[in-house]
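# Summary of structural features
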Amino acid sequence: MLLFFTWAVLGLASGYLTGKLVRDDGVQLVLDLALGAVGAVLAGLAFANFGTISSNPFLHGAFAALAGACATLVAHHLLVRTMS
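Structural notes, computed from the coordinates. What you are looking at is a predicted structure, and each value in this text was computed from that prediction instead of being measured. (Residues numbered from 1 in each chain as written. Predicted model: local features only at pLDDT ≥ 70, side-chain atom pairs only at ≥ 80, totals over all residues. Heavy atoms only, no water.)

A cluster of nonpolar side chains, namely Leu2, Leu3, Phe5, Val9 and Phe58, defines an oily patch on the protein surface of about 480 Å² accessible area. The element that contributes the greatest number of residues to the nonpolar patch is helix α1 (residues 2-22), accounting for four residues. Along the polypeptide, Phe5 turns up in helix α1. For Phe5, a relative accessible area of 54% puts it in the exposed group. (Patch = residues over 30% accessible without salt bridge, like charges linked within 9 Å, V, L, I, M, F, W, Y side chains within 5 Å. Areas by Shrake-Rupley, 256 points an atom, 1.4 Å probe, with all protein chains shown as cover. Salt bridge = Lys/Arg side-chain N within 4 Å of Asp/Glu carboxyl O. Helix = DSSP H or I, 4+ residues; strand = E, 2+ residues; numbered from the N terminus. Buried < 20%, exposed > 50% of the residue type's maximum accessible area, 1.4 Å probe, protein only.)

Have a look at this one:
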């Protein structure tokens, strides 16, 4: 449960930061937060189920969650940019 909460919080934070990096107007803040949280949780779960065994699974899971959140948001912004 603690890992899930950590992934969600990291996803919210990375969603906010990635949204600011990609565009500065802050129009889609709620969408950025939601996509960040969803990407982080999915990446964290995927890492927990398919990842390698390490000496510090919490740290590696947190890194996977951050990477998943950023990847989800960047992919979304690239798709939106190409569609408009």
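What follows is about α1. End to end, α1 covers 30 Å across 21 residues, agreeing with the expected 30 Å (1.5 Å per residue, within 8%). Regarding α1, the residues found buried are Thr6, Trp7, Ala8, Gly11, Ser14, Gly15, Thr18 and Gly19. The inward-facing, buried residues of α1 abut α2 (29-50) and α3 (57-83). (Expected span 1.5 Å × (residues − 1). Contact = heavy atoms within 4.5 Å.)

What follows concerns the nonpolar core. If you look at the biggest cluster of nonpolar residues, it comprises six residues: Trp7, Ala8, Ala40, Val41, Ala65 and Ala69. Breaking this core down by element, the ones donating at least two residues are α1, α2 and α3. With sequence-adjacent residues up to four places away left out, Ala69 is seen in contact with Gly11, Ser14, Gly36, Gly39 and Ala40. (Core = buried A, V, L, I, M, F, W, Y, C linked by side-chain atoms within 4.5 Å.)

Another aspect to go through is the side chain of Ser14. By secondary structure assignment, the location of Ser14 is in helix α1. In contact with Ser14, not counting residues within four places along its chain, are Leu66, Ala69, Cys70 and Leu73.

One way to put it is that α1 packs onto α2 with a least axis distance of 7 Å and a crossing angle of 135 degrees. For the element pair α1 / α2, the angle class is oblique. Pair α1 / α2 crosses with right-handed handedness. For the pair α1 and α2, the contacting residues are Phe4, Trp7, Ala8, Gly11, Leu12, Gly15, Tyr16 and Gly19 in the first and Leu29, Asp32, Leu33, Gly36, Ala37, Ala40, Val41, Gly44, Leu45 and Ala48 in the second. Here the residues of the contact of α1 with α2 are counted per class, giving 12 nonpolar, five polar and one charged. (Axes fitted to C-alpha atoms, helices over the stretch in contact; angles between N-to-C directions. Parallel < 35°, antiparallel > 145°, perpendicular 65-115°, else oblique. Left-handed = near helix turned anticlockwise from the far one by under 90°. Nonpolar A, V, L, I, M, F, W, Y, C, P; charged D, E, K, R; others polar.)

On to α2. Here α2 contains 22 residues, and its C-alpha end-to-end distance of 31 Å stays within 8% of the 32 Å for a straight helix at 1.5 Å per residue. Taken as a whole, α2 has its buried residues at Asp32, Leu35, Gly36, Ala37, Gly39, Ala40, Val41 and Gly44. Its buried side turned inward, α2 meets α1 and α3.

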